[in-house]
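# Survey of secondary and tertiary structure
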Amino acid sequence: MATSELERLYTPSEWSKRYKSEELLQRFFKFCEEVSEKNRRTIKCELNVSYGTTERTKYDIYGTDLPKDAPILVFIHGGYWQEFSKDHAGFSVPLFVKNKMKVITVGYDLCPNVKIGDIVAEIKSAITQILKYAADLGSKYVSIAGHSAGAHLAACLLHDDDWINRMTQQGYFTLLKKMILIGGIYNLKPLIDVSFGTALKLTDEEIKAFSLSVFDEAKERHVSGFKVIVVVGDCDSPVFVNESRIYAQKIIPIVNNVEYLLLQNIDHFDIVEKLLDPNYDLAKLILSDN
């Protein structure tokens, strides 16, 4: 495959039917900034709660005036593990807070300042702290959503028996109700041949450890008690659509409740932009247990 063709396949903004790539990205970033800024002004929140030692290892809690037992949606942003921020993940907030669900947007360090393995470890630390927070409050349940690279980071939780066992022993794992993996990418190996992979500085060990869709899972592994929704838009890159389908099939033997959802006329960006719309199928799925 020619480099230019491979590059395009790993550039989701090239596949939207709405706008050309550059205009799409500009509109998306403006949208995210405006919605997020409005959230901070209009929704009761606690910003920059530290879960690590660096400037980016923090999360924001929206809906802090909701009842203590309100369910919680944790949102992990994307950006190819190297850009974007929790501060601009506002599309995940207003509808859910309005429906009595707290939303926590999680930040993390970015490549090339850290490696993907470091980010995975940070996300596990963040979710551990959030689950303890939820348990202490008596929250009804916790759902975890991730977009793009954030979907990969969320999915990494499913493949770490040590972390799952630790959360189970501490009584936290039963709080997890649902995981929503949105427009994710689950095989890292092809990224070494595209420009997005440069900042990741992937080693063979990292590719093997974090390429989730090509894992050889132990047959006796079984993660039960919650649902995983793998969702992608049909106007996303064919690679992202295929990766989502393959990963959904991959986890069926280890997760007892898996749903694959291909959204029509949806691209890599409006798949999360539309989370502001109460009639949007994905938004309704996230709220379905509320």
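Residues numbered from 1 in each chain as written. Predicted model: local features only at pLDDT ≥ 70, side-chain atom pairs only at ≥ 80, totals over all residues. Heavy atoms only, no water.

Here is the rule we go by: UniProt positions are given in the numbering used here, feature names are shortened, and annotations may be inferred rather than shown by experiment.
As annotated in an unreviewed UniProt entry, the protein carries the name Kynurenine formamidase and comes from Cardiocondyla obscurior. A UniProt comment under Subunit (unreviewed entry) is attached to the protein, and it reads "Homodimer."

## As for the packing of aromatic side chains
Convention followed: Only Phe, Tyr and Trp rings take part, Trp by its six-membered ring, and two of them pair if their centres are within 6.5 Å. Stacked means planes under 30 degrees apart, edge-to-face means over 60, and tilted covers everything else. When accessible area is computed with a 1.4 Å probe and restricted to protein chains, residues below 20% of their type maximum are described as buried, those above 50% as exposed, and intermediate ones as partly exposed. By the criteria applied, helices consist of DSSP H or I runs no shorter than four residues and strands consist of E runs no shorter than two, each listed in order from the N terminus. Placement of a positive charge over a ring is assigned whenever Lys NZ or Arg CZ falls within 6 Å of the ring centre and within 35 degrees of the normal to the ring plane.
If you walk through the whole model with that rule in mind, you get 12 aromatic pairs. On the numbers, 6.0 Å between centres and 55° between planes, the contact of Phe28 with Phe29 is tilted. Judged by relative accessible area, which is 4%, Phe28 ranks as buried. Accessibility expressed as a relative area gives 38% for Phe29, which makes it partly exposed. Aromatic pair Phe173 and Phe226: ring centres 5.7 Å apart, planes at 80°, arrangement edge-to-face. Residue Phe173 is found in the loop between helix H6 (161-169) and strand E6 (176-182), and its partner Phe226 is found in the loop between helix H7 (204-210) and strand E7 (227-233); the two are separated by 53 residues along the sequence. Since its relative accessible area comes to 10%, Phe173 is described here as buried. Given the relative accessible area of 4%, Phe226 is considered buried. Members of the aromatic cluster, connected to one another through ring pairs, are Phe28, Phe29, Phe75, Phe84, Phe91 and Phe269. Here the basic side chain of Lys177 rests over the ring of Tyr141, its NZ or CZ set 5.8 Å away from the ring centre.

## Side note on the pattern of salt bridges
Here is the rule: The rule for a salt bridge is simple: a side-chain nitrogen of Lys or Arg has to be within 4 Å of a carboxyl oxygen of Asp or Glu.
Within the structure shown, the criterion is met by 14 salt bridges. Between Asp267 and Arg18 there is a salt bridge whose closest N-O contact spans 2.8 Å. Pair noted here: Asp267 is in the loop between strand E8 (258-263) and helix H9 (270-273) and Arg18 is in the loop between helix H1 (3-9) and helix H2 (21-42), with a separation of 249 residues, a long-range link. On the basis of relative accessible area, Asp267 is assigned to the buried category, the value being 2%. Here Arg18 falls in the partly exposed class, since its relative accessible area comes to 34%.

## A short note on the pairing of E8
When a strand is regular, its side chains alternate between the sheet's two faces. The line we're drawing: Pairing between strands requires that DSSP locate at least two bridges from one strand to the other. For a crossover, the right-handed case is the one in which the path from the first strand over the helix to the second runs clockwise, viewed with the strands pointing away from the viewer.
In terms of strand pairing, E7 meets E8 through six bridges, oriented parallel. By the bridge assignment, Ile229 is partnered in E8 with Glu259. Read from E7 through helix H8 (residues 238-251) to E8, the crossover connection turns out right-handed.

## Things to note about the UniProt feature "domain: BD-FAE-like" (unreviewed entry) in the protein
As annotated by UniProt and renumbered to match this structure, "domain: BD-FAE-like" (unreviewed entry) occupies residues 60-156. Helix makes up 35% of residues 60-156 and strand 20%, and the two end C-alpha atoms of the span are 22 Å apart.

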